[in-house]
Amino acid sequence: MPGQDTLPTESDIVIIGGGIMGTSTAFFLSKETDLDITLIEKNKIGTGSTGDSSAILRHHYGDQEIYSKMAWWSHQFYRNFDDETGEVIAHEENPMVRFANEDTPGGTYAEAGYDVLFSLDIPVSWYEGDELLEQYPMISGVENYDFGISDDEAAYSDGADAANGFDRAARRNGATVITGTGVESITTDEGSVVGVETEDGDIACEKVVVAAGPWTPRLGETVDVDIPIAVTREQVLILDPPEDYKRDYPSLVPTTALPGGEWYIRPDFGDGILVATHHTDEEVDPDRYDKTPDEEIILELTEELGEMIPELRDAGIQGQYCGVYSTTPDHDFILDEVGPDGCYFACGFSGHGFKQAPAVGKIMTDLITTGSTSLIDGSFFSYDRFEKSAAGHGEVADNV
């Protein structure tokens, strides 16, 4: 493994943040350009939101084709991570299913996602209500849904694993990576980026990429950019299913959430089952929040899961923790040059960024080097949508 690099006094580009987005961007920039690249992380690579990510790799996004395209492109990259980067990461196949009823918002969303995936030739299956019990026998009352949509090639990975893989690959490509050093501000002159101030010294640069997750708004303030992000606390349990359950259902559970989407489940590495809250309204300071799930939430999650899958009522708890989402008003990303010339933001991933990270790294590289990207319509992620409306695109009914 490469050792700790030395803080440079100058660099062509400084990337702030060593999570999955910062390391992906460092990898693609170091692979596709000859620029001098420095990534700075105040803690360790893959900590923060990336380390707490459920790392679900799914492609169903209702009628939002742009996300399905990005997720599929990114998933193919993750599947071939070894060939692309020279690093091996965790990857486990597990279909994601959306149970739904006709003539409901959830049903409309699920059906729209089926149509998008089918049109993109992404493997997807439609199960009628009377077929659901055969497919998902562990779920109580599953046959009472009108239909289920299976994102057949969904999977899950490990956020810290992937971020560290990107980090090592970027360093082999010549990027400098500094950990244990915080960036305090971005410096400008006559409307252009000229450097960053860190806890350990200044770095002169012409471009900066802010990929600092929940800390991004603080850095935006140093260049008079208001980043509309709410930081919310999410709670996660890792359950230990009974041995009989693991024997009867070796795949454990599908990745899913009940309509409404207050929480979701997926299998976890090592025969566990992850159950977590999703898009709570509890805003917190990312430096000061309770990282232990509330007893009330533990009881609520385990009770509701027990109603959904009765054979898990006796499951033990093998792990628990809390993380944060950095959520924009419309739950859509910001990938754009904002404020002074040379200042780029990759932020607002709203609890569904990990699955898009390779595409984000590629898009940011394209924006920095050519000003546009052919991967998707980059204007969808422009910052100026919030100048036109504080709600941006408007909130989307997404539940995993």
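Coordinates for the structure precede this section.
Before going into details, it helps to say that this report is about the structure given with it.

Cut-offs applied
Residues numbered from 1 in each chain as written. Predicted model: local features only at pLDDT ≥ 70, side-chain atom pairs only at ≥ 80, totals over all residues. Heavy atoms only, no water. Salt bridge = Lys/Arg side-chain N within 4 Å of Asp/Glu carboxyl O. Helix = DSSP H or I, 4+ residues; strand = E, 2+ residues; numbered from the N terminus. Buried < 20%, exposed > 50% of the residue type's maximum accessible area, 1.4 Å probe, protein only. Axes fitted to C-alpha atoms, helices over the stretch in contact; angles between N-to-C directions. Parallel < 35°, antiparallel > 145°, perpendicular 65-115°, else oblique. Contact = heavy atoms within 4.5 Å. Nonpolar A, V, L, I, M, F, W, Y, C, P; charged D, E, K, R; others polar. Pairing = 2+ DSSP bridges. Polar contact = N/O pair within 3.5 Å; in protein donor to acceptor, adjacent residues only side chain to side chain. Core = buried A, V, L, I, M, F, W, Y, C linked by side-chain atoms within 4.5 Å. Domains from an automatic or database assignment. Patch = residues over 30% accessible without salt bridge, like charges linked within 9 Å, V, L, I, M, F, W, Y side chains within 5 Å. Areas by Shrake-Rupley, 256 points an atom, 1.4 Å probe, with all protein chains shown as cover. Lys, Arg positive; Asp, Glu negative; His and termini not counted. Charge placed at Lys NZ, Arg CZ, Asp CG, Glu CD.

### A few points about the pattern of salt bridges
(1) Moving on: One pass over the structure, following the stated rule, counts 21 salt bridges.
(2) Moving on: Where Lys31 meets Glu84, a salt bridge forms, and the shortest distance between an N and an O atom there is 3.5 Å. Placement of Lys31 in helix α1 (residues 20–32) and of Glu84 in helix α4 (residues 81–85) is noted, with a sequence separation of 53 residues between them.
(3) Moving on: Among the residues examined, Lys31 registers a relative accessible area of 44% and is labelled partly exposed.

### Notes on the packing of helix α3 (residues 65–79) against helix α11 (residues 357–370)
(1) Moving on: Interaxial distance between α3 and α11 falls to 7 Å at its minimum, and their mutual angle equals 105°. Relative to α11, the element α3 lies roughly perpendicular. Contacts from Met70, Trp73, Ser74, Phe77 and Tyr78 in α3 reach Ala357, Pro358, Ala359, Val360, Lys362 and Ile363 in α11.
(2) Moving on: By residue class, the composition of the contact of α3 with α11 is 9 nonpolar, 1 polar and 1 charged.

### Remarks on the pairing of strand β5 (residues 96–100)
(1) Moving on: Burial runs high along β5: 5 of the 5 residues are buried.
(2) Moving on: Of the two faces of β5, both are covered, the one formed by Met96, Arg98 and Ala100 as well as the one formed by Val97 and Phe99.
(3) Moving on: Two elements, β5 and strand β7 (residues 147–151), share 5 bridges in a ladder whose sense is antiparallel. For Phe99, the partnering residue across the bridge sits in β7 and is Gly148.

### Some words on the side chain of Arg58
(1) Moving on: Residue placement: Arg58 occurs in the loop between β3 (56–57) and α3.
(2) Moving on: Given a relative accessible area of 0%, Arg58 falls into the buried group.
(3) Moving on: Within the local environment of Arg58, its side chain forms a polar contact with the backbone oxygen of His60, the two atoms lying 2.5 Å apart.

### A closer look at the nonpolar core
(1) Moving on: Within the largest apolar cluster, 48 residues are counted, with the highest numbers of intra-cluster contacts made by Ile20, Met70, Tyr78, Leu335 and Val360.
(2) Moving on: Of all the elements in the fold, those that place two or more residues in this core are β1 (13–16), α1, β2 (37–41), α3, α7 (159–172), β19 (343–347) and α11.
(3) Moving on: Taken together, domain 1 (10–52 + 159–228 + 330–388) and domain 2 (82–155) each give at least three residues to this core, which thus spans both.
(4) Moving on: Sequence-distant contacts of Ile20, defined by excluding residues within four places in its chain, comprise Thr50, Tyr78, Gly159, Ala162, Ala163, Phe166, Phe354 and Ala357.

### Description of the sheet that holds strand β11 (residues 192–198)
(1) Moving on: Sheet architecture is open: 3 strands sit in the order β10-β11-β12, paired in antiparallel fashion. The two strands at the open ends of the sheet, each matched to only one other strand, are β10 (183–189) and β12 (201–204). Neighbour-to-neighbour, the strand axes of the sheet open up by a mean angle of 25°, direction not taken into account.

### With respect to a negative patch on the surface
(1) Moving on: The grouping of Glu102, Asp103, Glu111, Asp115, Glu128, Asp130, Glu131, Glu134 and Asp146 at the surface amounts to a negative patch.
(2) Moving on: Elements with a minimum of two residues in the negative patch: α5 (105–119) and α6 (129–135).
(3) Moving on: Considering each element in turn, the negative patch owes the most residues, 3 residues, to α6.
(4) Moving on: Following the sequence through the fold, Glu128 ends up in strand β6 (residues 124–128).

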